[in-house]
Amino acid sequence: MKNIVMNAGKLNSQRVKEVISLHVTAKKRKGILIVALEGELDHHTAGVVRDFIDKRLEDPTIRNMAMDVTGLTFMDSSGIGMLIGRYKIISKRGGKLGVTHTSSHIDRIFRISGLYKIIRAYNGLEEALNDMGVN
Amino acid sequence: MDKTNEMVLRFLSRSSNESFARVTVAAFVAQNDPTLEEITDIKTAISEAVTNSIIHGYEDGLGYVEIKAVLYPRKLIAWVSDQGKGIENIEKARQPLYTSKPELERSGMGFTVMETFMDEVDVTSTPGQGTIVKLIKHFGSPVDKERETK
Ligand SMILES: Nc1ncnc2c1ncn2[C@@H]1O[C@H](COP(=O)(O)OP(=O)(O)OP(=O)(O)O)[C@@H](O)[C@H]1O
Ligand SMILES: [Mg+2]
């Protein structure tokens, strides 16, 4: 019994941390911006991600963008709008936008919104990078 | 069936309350032993309705958003309401891809997401007075209402 309670407490503290934060990191590899999203993407956090990505897209040598959403635990329609906005920027340069590691929740949001029509799903980052012209 | 529990949550229309609201409702329904998918469905729908009240209802001014949630043995009914600007044409607002704020990078998919993840979505609104979104979720029902937008 004691064990269960302790585990529940641990779980809660992890959840709360995920909820109040969204962590975004990026690196560049041969003209591809590789973005990793962790946490929860909603209206509150979408603006931060948008500004973060757009700042990096000011670099004109970046043509394509690959997103790793392994750590993305939540996304609603605010994320859809944010992703469509980044797609518009990338497609204007003739580049591609890709995503890897979508969980079943993120996958459902992508499917009902038609996001897969503009953002290609890859089986891992290597596949995305190959398709976008690295190697 | 008689209700087993009930709660009311009232908070200011700040975007930081979006996660607070959906996590609170998720914690409240946890006593019904929902699946992880049911919890995520409910969190997503609550997030959509609350975000709409904040962005559209109050247009980033301040007002109160209220969530009332009633639990039954196998069902949740939640009402998300605001006293904001209201919706002129509800039918049009519920259309996939319709948004009154394309300049804010909205996609117009919020109501479609709510309809996909919940069993029932009812919208009542009076322009100038506010909006109530009623959301119903049955627990343990094998619904798969997923659909793709053409
Ligand atoms: N609480 C509300 N008060 C006033 N208007 C609303 C409210 N909720 C929705 N609306 C109206 O309904 C429209 C459609 O809402 P919906 O959530 O489907 O799309 P959106 O919020 O515009 O975009 P998205 O949710 O994809 O970011 C909104 O653009 C807005 O005009
Ligand atoms: Mg919305």
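Everything below is about the structure printed above this text.
Residues numbered from 1 in each chain as written. Chains lettered and ligands numbered in written order. Predicted model: local features only at pLDDT ≥ 70, side-chain atom pairs only at ≥ 80, totals over all residues. Heavy atoms only, no water.

K.L.:
Would you mind going over the pattern of salt bridges with me for this structure?
P.N.:
Side-chain pairs of opposite charge can arise whenever the charged atoms involved come near each other. As enumerated under the stated definition, the model contains 20 salt bridges over all chains in all. The partner of Asp54 of chain A in a salt bridge is Arg86 of chain A, with the nearest N and O atoms 2.7 Å apart. Pair noted here: Asp54 of chain A is in helix α2 (residues 43-56) and Arg86 of chain A is in helix α3 (residues 77-92), with a separation of 32 residues, a long-range link. Using a relative accessible area of 2% as the deciding quantity, one classes Arg86 of chain A as buried. What emerges from the salt-bridge pattern is a single network uniting Glu40 and Asp42 of chain A together with Arg22 and Lys43 of chain B. (Salt bridge = Lys/Arg side-chain N within 4 Å of Asp/Glu carboxyl O. Helix = DSSP H or I, 4+ residues; strand = E, 2+ residues; numbered from the N terminus. Buried < 20%, exposed > 50% of the residue type's maximum accessible area, 1.4 Å probe, protein only.)

K.L.:
Looking at this structure, I do not really get the sheet that holds strand β2 (residues 32-41) of chain A. What am I missing?
P.N.:
Strand pairing within a sheet occurs via backbone hydrogen bonds; the two strands may be parallel or antiparallel. All names here are of chain A. Pairing within the open sheet is mixed, and its five strands lie in the order β1-β2-β3-β4-β5. Looking at the sheet topology across the chains shown, the edges are occupied by β1 (22-29) and β5 (120-122). Averaged over neighbouring strand pairs, the angle between their axes works out to 25° when direction is ignored. Pairing of β2 with strand β3 (residues 64-75) involves nine bridges; the strand directions are parallel. Looking at β3, one finds that Glu38 is bridged to Gly71. Its contacts with the sheet place α3 against β2, β3 and β4 (97-100), and it is angled at close to 175° to β3. Sheet contacts for helix α4 (residues 104-113): β3 and β4; angle to β3, the most-contacted strand, approximately 120°. (Pairing = 2+ DSSP bridges. Axes fitted to C-alpha atoms, helices over the stretch in contact; angles between N-to-C directions. Contact = heavy atoms within 4.5 Å.)

K.L.:
Sorry, what's going on with the interface of chain B and chain A here?
P.N.:
Interface size, as often reported, equals the accessible area lost upon joining of the parts. The interface is formed by 30 residues belonging to chain B together with 26 residues belonging to chain A. Contact between chain B and chain A buries roughly 2400 Å² in total, counting both sides, with carbon and sulfur atoms accounting for 49%. Along the contact surface separating chain B from chain A lie six salt bridges. For Arg22 of chain B, the salt bridge identified is with Glu40 of chain A, shortest N-O distance 2.6 Å. Joining chain B to chain A, the criterion identifies eleven residue pairs in polar contact (both at pLDDT 80 or more). Going through the elements one at a time, α1 (17-29), α2 (36-57) and α4 (110-117) of chain B are the ones with two or more residues in the side of chain B that touches chain A. No other element matches α2 of chain B, which puts eleven residues into the side of chain B that touches chain A. Classifying every residue of the side of chain B that touches chain A by side-chain character gives seven nonpolar, eleven polar and twelve charged. (Buried area = accessible area lost by both parts, 1.4 Å probe. Polar contact = N/O pair within 3.5 Å; in protein donor to acceptor, adjacent residues only side chain to side chain. Nonpolar A, V, L, I, M, F, W, Y, C, P; charged D, E, K, R; others polar.)

K.L.:
I tried to follow the site of ligand 1 on my own but got confused; where do I start?
P.N.:
Taken together, 20 residues form the shell around ligand 1, and within it Ser77 of chain A together with His56, Thr99, Ser100 and Ser107 of chain B come nearest. Near ligand 1, residues from chains A and B are present, making the site a shared one. When the free accessible area of ligand 1 is taken as 600 Å², the share hidden by the protein chains comes to 96%. Contributing elements (two or more residues each) for the shell around ligand 1: α2 and α4 of chain B. (Near = heavy atom within 4 Å. Areas by Shrake-Rupley, 256 points an atom, 1.4 Å probe, with all protein chains shown as cover.)

K.L.:
Can you help me understand the environment of Tyr58 of chain B in this one?
P.N.:
Residues and elements named next belong to chain B. Within the secondary structure, Tyr58 is located in the loop between α2 and β2 (64-72). Residues Tyr58 and Gly84, 26 residues apart in the sequence, show an inter-C-alpha distance of 5.0 Å. When neighbours within four sequence positions are excluded, Tyr58 is seen to be in contact with Ser13, Ser53, Gly63, Tyr64, Val65, Asp82, Gln83 and Gly84.

K.L.:
Can you walk me through the packing of α2 of chain A against α3 of chain A in this structure?
P.N.:
Think of two packed helices as two axes; the pair is described by the angle between the axes and how far apart they sit. All names here are of chain A. Relative orientation of the contacting elements α2 and α3 amounts to 15°, with a least axis distance of 9 Å. By the angle between their directions, the pair α2 and α3 is classed as roughly parallel. When the axes of α2 and α3 are compared, the crossing they make is right-handed. From α2, His43, Ala46, Val49, Arg50, Ile53 and Asp54 reach across to α3, where they touch Ser78, Met82, Arg86 and Ile89. (Parallel < 35°, antiparallel > 145°, perpendicular 65-115°, else oblique. Left-handed = near helix turned anticlockwise from the far one by under 90°.)

K.L.:
Whenever I open this one, α1 of chain B confuses me. Can you help?
P.N.:
Residue pairs spaced three or four apart in an α-helix point in one direction, given the helix's 3.6 residues per turn. Taking 1.5 Å per residue, 13 residues should reach 18 Å; α1 of chain B reaches 18 Å between its end C-alpha atoms and fits that length. Those residues of α1 of chain B that sit buried are Asn17, Glu18, Ser19, Ala21, Arg22, Val25, Ala26, Phe28 and Val29 of chain B. (Expected span 1.5 Å × (residues − 1).)

K.L.:
Got a minute to help me understand the packing of aromatic side chains in this structure?
P.N.:
For any two aromatic rings, the description comes down to two numbers: the centre-to-centre distance and the angle of the planes. Inspection of every chain in the model, using the stated rule, returns two aromatic pairs over all chains. Ring centres of Phe110 of chain A and Tyr116 of chain A lie 5.1 Å apart, and the angle between their planes is 45°; on these two criteria the pair is classed as tilted. A relative accessible area of 1% places Phe110 of chain A in the buried class. Seen in terms of ring centroids, Phe11 of chain B and Phe20 of chain B are 6.2 Å apart; in terms of plane orientation they differ by 85°. Their pairing is edge-to-face. A relative accessible area of 38% places Phe20 of chain B in the partly exposed class. Positioned above the aromatic ring of Tyr64 of chain B, the side-chain terminus of Arg10 of chain B is 3.9 Å from the ring centre. Directly above the aromatic system of Tyr72 of chain B lies the positively charged group of Lys75 of chain B, at a separation of 5.0 Å from the ring centroid. (Phe/Tyr/Trp six-rings, centres within 6.5 Å; stacked < 30°, edge-to-face > 60°. Lys NZ or Arg CZ within 6 Å of the ring centre and 35° of its normal.)

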